[in-house]
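Single-letter residue listing:
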Amino acid sequence: MSQEGNQAKAVIETWDILVRHRWRFVLSGFLVAGVVLGAGLLLPRKYKAQAIFERRTDIVLSEIVQRGAAQSFENTSSSVIEEIVGLPAIDELIESLQKSELAAAVSMRNPSDLHARRSEFRKKVLVNYDITTKQRDRVRVTFIDESPRMARAVVNTLIENYISRTREQIDQQLGQAATFFQTEVDQNRGLIETLENEKLTFEIEHAELLPNSPGSIQDVLTDAHMQLITMEQGRDAARMRVESLQKLVDETPQTVPRISKAPNPELARLRAVRQELRDQFEEYTGVFKMTGQHPDLLALREQLVQIDREIAATDTEVITHTQIDRNPKREALDLQLSQAAIDLRAYEKQAKSVQKQIEQLNARSANLFPIRSDYQKLGRRIEQAHRQLAFWEDNLRRVQMARAAEAGQRGITLSFIKPCETIQKPTSPDLTQVFMAAVLMGIVAGGVSVFVAYRADDTFDDGERMASQLKLSFFGSVSEVISRRQMRVRKLRRLVLSPIKIASMAVLLTGMAALLYLDLERPDLFRELTDNPSEFVTDRFATTTKLSVDGLE
């Protein structure tokens, strides 16, 4: 036989066994499911209370306060949790509860009760972070207890106490920071005043050595160098002038002759001879009509030429008297040379004076760089002190503004964004889990009951199996022989009694499930039902009837 055939046969046999022992399955499942639902009704209820608060941190103000306070606004997750559920917070919680309506629930007769209550609260309180960043934390506080009022009061009181303590700490830290910053501001103001006095004294003592001051040694030294250059240029020009005038004086004689002149008589005689020869030439040509080739005329022409030569070679004047006098040009040059020498000596004297002044200024400026370095250091110290003063004043102003602001604007904003409201439903036992446990455990119990019944059943419902088991020959089998009365009884059981039993068990389980649903999901209705069942049923019936009529209309 194939594997699929074996599986089909096994399924059929299992179904036959289940049908044969169905009442065992049903009764066992009913009893177990009923017990589970009953246990769900009897188990103690636990109520879960949750509250959420948010903590926003101003990073800038936190850093400012951290400079002046012993503690910072920034807390780690572990420190926040410890502040919420630490022993001081638990003691404060117990003290607050003892002053409230729940004083009887937390009353303690001896120190051991206090220790037990502390341990109980610390174990049951759970703190989780929904959001955690450097600037924003959203914290969820959870507490589970059998009393809804206690659970609600615990989470709300823990958060309220934490917010109150944190705000007090913030006020204390802001006060410490303000005192520290005020001290720093006063110290820096005193330091600035001292440094400015030192600077003024320094400027008075070393005025000429300081930069950008009128009459500073550097400007005087620069002017002296410019004056020296001017003097040297004037001296060189005077020296060159002296040299050139000396050369001219050397070249110019001290005396010059004075000469008296008169017309040259020899020139007058030669001119008279030439006039005579010209008159004679005119006579020869005009009177005597001589030609140009006449020997006398040729000789006369040669004489005229010779006379012209002599006249040209003869001076027009002749010296009649000579006298030696002083040269006036030499005297003028001597006067200019004396003035140039005087100018040269003046330039040399001025140049030496300026050079001496420069040497003295250089000697005095030997301390220029150390003094200026000290002066600049003093200025930098004053600037640094002013920056520090502005820094501390800005911090002080921020802290003072934070102290004067509302409680939520002091560096940390604590917001109780979701307090725990009145708790209506318990969280344990869970309805879905109870229903699933009832169904699964009922099925498992029914299956186990059927299995046990099957294993303990010695009857045979098949002739062949009985023959095989007893090792007998099998010839055939007949159906069960029953009377009409037995048939009517079996039919009555199958059609009437069995459905009634199943319906009764279903109604009982449904009722228990409904009670469990009301108890876990609708505690207000469950309390109304338990307090006054008749009135509850009447009200529910009236409400249902009205809704049906309204729907029909």
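Residues numbered from 1 in each chain as written. Predicted model: local features only at pLDDT ≥ 70, side-chain atom pairs only at ≥ 80, totals over all residues. Heavy atoms only, no water.

**Observations regarding the pairing of strand β3 (residues 136–145)**
Where strand β1 (residues 47–57) meets β3, 10 bridges bridge the pair, whose relative direction is antiparallel. Note on β3: the bridge partner recorded for R55 is D137. The pairing of strand β2 (residues 126–132) with β3 spans six bridges and is antiparallel. Across the sheet, residue L126 finds its bridge partner in β3, namely T142. Adjacent in sequence and paired antiparallel, β2 and β3 are bridged by three residues. (Pairing = 2+ DSSP bridges. Helix = DSSP H or I, 4+ residues; strand = E, 2+ residues; numbered from the N terminus.)

**Overview of the packing of helix α13 (residues 431–456) against helix α15 (residues 484–521)**
Remark: α13 packs on α15, axes separated minimally by 10 Å, with the N-to-C direction vectors making an angle of 160°. The orientation of α13 with respect to α15, classified from their angle, is roughly antiparallel. As for the relative orientation of α13 and α15, their crossing is right-handed in sense. Facing L431, V434 and F435 of α13, the residues of α15 in contact are A513, L516, Y517, L520 and E521. Split into classes, the residues belonging to the contact of α13 with α15 amount to seven nonpolar, no polar and one charged. (Axes fitted to C-alpha atoms, helices over the stretch in contact; angles between N-to-C directions. Parallel < 35°, antiparallel > 145°, perpendicular 65-115°, else oblique. Left-handed = near helix turned anticlockwise from the far one by under 90°. Contact = heavy atoms within 4.5 Å. Nonpolar A, V, L, I, M, F, W, Y, C, P; charged D, E, K, R; others polar.)

**Re the environment of G447**
Within the fold, G447 resides in helix α13. Linking G447 and R24, residues 423 residues apart in sequence, is a C-alpha distance of 8.8 Å.

**Considerations on α15**
In this model, α15 (38 residues) spans 53 Å end to end at C-alpha, consistent with the 56 Å of a helix rising 1.5 Å per residue. Approximately 40° is the largest bend angle found in α15, and it occurs at R493. For α15, the set of buried residues is S498, M505, M512, A513, L516, L518, D519 and L520. (Expected span 1.5 Å × (residues − 1). Bend = angle between axes of the 7 residues up to and from the residue. Buried < 20%, exposed > 50% of the residue type's maximum accessible area, 1.4 Å probe, protein only.)

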